[in-house]
Amino acid sequence: MAADTENTKRRGENYFTDGGLWGFIHRSFTKSMGYTEEDLAKPVIGICNTFSELNKCHSHFNELVDYVKRGVWQAGGLPMEFPTISIGEPYVKPTTMLLRNLMAMDTEEMMKAHPIDGVVLIGGCDKTVPAQLMAAASANIPAIVLTGGPMLNGRLHGRSLGACTDCYQFTLEHKAGNLSDEQLATAENAICRSDGHCMVMGTASTMASIAEAIGMALPGCAAIPAPDSRRRHMAERTGKQIVALVKENIRPRDIMTERALENAIRVTMASGGSTNAIIHLVAIAGRLGIRLPLERFDELAASTPFLLNLRPSGQYQMEEYFEAGGVPSLMKEMESLLHGDCLTVTGGTIAENLNGVEVLDRNVIFPLDKPLDPQGGIAVLRGNLAPNGALIKQTAVSAHLRKHKGKAVVFESPADLDRRIDDPGLDVDENSVLILKNAGPKGAPAMPEIGQIPIPKKLLQKGVRDMVRISDARISGTSYGALIVHVAPEAAMGGPLALVRDGDVVELDIAARRLHMEVDEAELARRRSEWRAPEPHYDRGYGLLFIEHVLQADRGCDFDFLVPKELRDQE
Ligand code: FES
């Protein structure tokens, strides 16, 4: 395994066996917390606890930490818990994506600055697991991800509810006048009924699946519901296993190789995973010094059948996925498509981990030769509207919109959209293509999840439930519909999206991977010469750092200075 480049001692050993002043200080200050000489001889296991009362999805993490500690002690390690920032989707403004890179930096620096020999990274809500994987890739200290697990299914009138796919449905029907205030409040009370993250195959479930598929979480971790006792067992096992990883000196870069990234992409495609995962995987790859072009996602999607019958693209939720065997069972079904020789945090390979695994419910995990769809969930589109690519979750698109031409109805910014979308005078019909500009990495800023542009109220009332919608924003992994997002380059950088005008004919052809506006080059050049960049959102602080250094969506939205120098030098 990877050689320790510092010296042959563990990092913690360097702190506690030093014969001088600093060794004395490290030992005495640590002993003051109740640890003994014997404890200081053990591998130090950092436990990154992202509990926060501002983050509902992490509300149970203090309890999970107790179980991790139990495992660490049992295996002969010294557990030491530490905090980092915690990012929960529902509260953070303007968007959690603004803070993902900050969390990745916080986590990496905490790992590198302390006597940590190995670390358990406990995450859950959308941006936390990618931030932790980015940090682990950069710090390259032995690490295991423990995800917090999904909520139990919501229940209402015998129906299974999912956050947040049904959040959109309920508020949409309320807006259309089909649901009373009282009915809406009843749904609010029923949908989130336990600890845990969103329980559809949204971004949190996708990233938890990726943590497993890439080899950085123990097999079976992703799908165990948060309140299920087996998640406590998983926490204890994770605590034991990180001590083994430290002893074997297995590090994140031994595990997260290019082939492991390909496994993660295939599992995402077979799962109907979130479009956000593409940005996060590109960012994780970047930290590893690997350039992951969008074409690679499209190639792998084309040869990866969609197998997992989970909302928002399918029927069930994470609770049923757990009962069907979870990620190991899905990976078993598609084993012939995976690189089985990739190392994982078990100390064994993917193929070894899948030995004896079975699919337990064929309604949830479809057979490889009889898939839900012959292709993976996410398609990469290109054309004169998105020369550097755009994404569509094709499995969540209404069939009649997979090939579509319509006239653009353009909103210049998120604020313009809010102001005019429900204006009864808006010139729009069900064939229109709704365009939202200036909602990208620098423009919004940080690509908020507003790519699910609302259907205008007057069309909702006519029964329209899906339209082609295009933006440089992101969408929640729980979204559904003909939503084209991550258009690159973004409008605020002067990308072609900035040049679209009301009435331009826009063409979407998913099969041909085409996103095109029927405007000739001379006219586009004229519009380009008239274009002016919008005013930046920040003139100081972290916000300014963000807009000055964030990369475009096709580059993972990491900060340019966090990408390894070798990779920066190639570009
Ligand atoms: Fe945290 Fe959905 S709000 S995962």
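Just above sits the structure.
Residues numbered from 1 in each chain as written. Predicted model: local features only at pLDDT ≥ 70, side-chain atom pairs only at ≥ 80, totals over all residues. Heavy atoms only, no water.

Student: Help me out: how do you make sense of the sheet that holds strand E2 (residues 78–83) in this one?
Tutor: Strand pairing in a sheet is mediated by backbone hydrogen bonds. Such pairs are either parallel or antiparallel. Ordered by their spatial adjacency, four strands build an open sheet running E2-E1-E3-E4, and the pairing between neighbours is parallel. Looking at which strands have only one partner, the edges of the open sheet turn out to be E2 and strand E4 (143–147). Ignoring strand direction, the axes of neighbouring strands in this sheet form an average angle of 20°. Its contacts with the sheet put helix H6 (residues 128–139) on strand E1 (44–49), strand E3 (118–123) and E4, and the angle it makes with E3 is roughly 160°. Across the sheet, helix H10 (residues 229–248) is in contact with E1, E3 and E4; its angle to E4 comes to roughly 175°. (Pairing = 2+ DSSP bridges. Helix = DSSP H or I, 4+ residues; strand = E, 2+ residues; numbered from the N terminus. Axes fitted to C-alpha atoms, helices over the stretch in contact; angles between N-to-C directions. Contact = heavy atoms within 4.5 Å.)

Student: For this particular structure, what's the right way to read the nonpolar core?
Tutor: Counting residues in hydrophobic clusters, the biggest one holds 102 residues, and the most contacted among them are Ile-122, Met-216, Met-256, Phe-297 and Tyr-321. When sequence neighbours within four positions are dropped, the list of residues in contact with Phe-297 reads Ile-265, Met-269, Ile-278, Leu-281, Val-282, Leu-292 and Val-380. Counting residues in hydrophobic clusters, the runner-up holds 29 residues, among them Ile-435, Ala-498, Leu-515 and Met-517. (Core = buried A, V, L, I, M, F, W, Y, C linked by side-chain atoms within 4.5 Å. Buried < 20%, exposed > 50% of the residue type's maximum accessible area, 1.4 Å probe, protein only.)

Student: I would appreciate a short explanation of the packing of helix H12 (residues 258–271) against helix H14 (residues 294–302) in the present structure.
Tutor: A pair of packed helices is captured by two measures, namely the crossing angle of their axes and the spacing between those axes. Remark: H12 packs on H14, axes separated minimally by 9 Å, with the N-to-C direction vectors making an angle of 55°. By the angle between their axes, H12 is oblique relative to H14. Helix-helix and strand crossings are classified by hand; for H12 and H14 the assignment is right-handed. Residues Glu-262, Ile-265, Arg-266 and Met-269 of H12 touch H14, and the partners they reach there are Arg-296, Phe-297, Leu-300 and Ala-301. Its residues placed into classes, the contact of H12 with H14 shows five nonpolar, no polar and three charged. (Parallel < 35°, antiparallel > 145°, perpendicular 65-115°, else oblique. Left-handed = near helix turned anticlockwise from the far one by under 90°. Nonpolar A, V, L, I, M, F, W, Y, C, P; charged D, E, K, R; others polar.)

Student: How do you make sense of unusual backbone geometry when you look at a structure like this?
Tutor: With the exception of glycine, most residues fall at negative phi, and the peptide bonds are largely trans. With omega at 0°, the peptide bond leading from Ala-163 into Cys-164 counts as cis. Here Cys-164 shows up in the loop between strand E6 (159–161) and helix H7 (165–175). A cis amide bond links Ala-488 with the next residue in sequence, Pro-489, at an omega value of 0°. For Pro-489, the position within the fold is in the loop between strand E12 (483–485) and strand E13 (505–509). Here the phi dihedral of Asn-249 falls at roughly 55°; this positive angle occurs in a residue that is not glycine. Its place among the elements puts Asn-249 in the loop between H10 and helix H11 (252–255).

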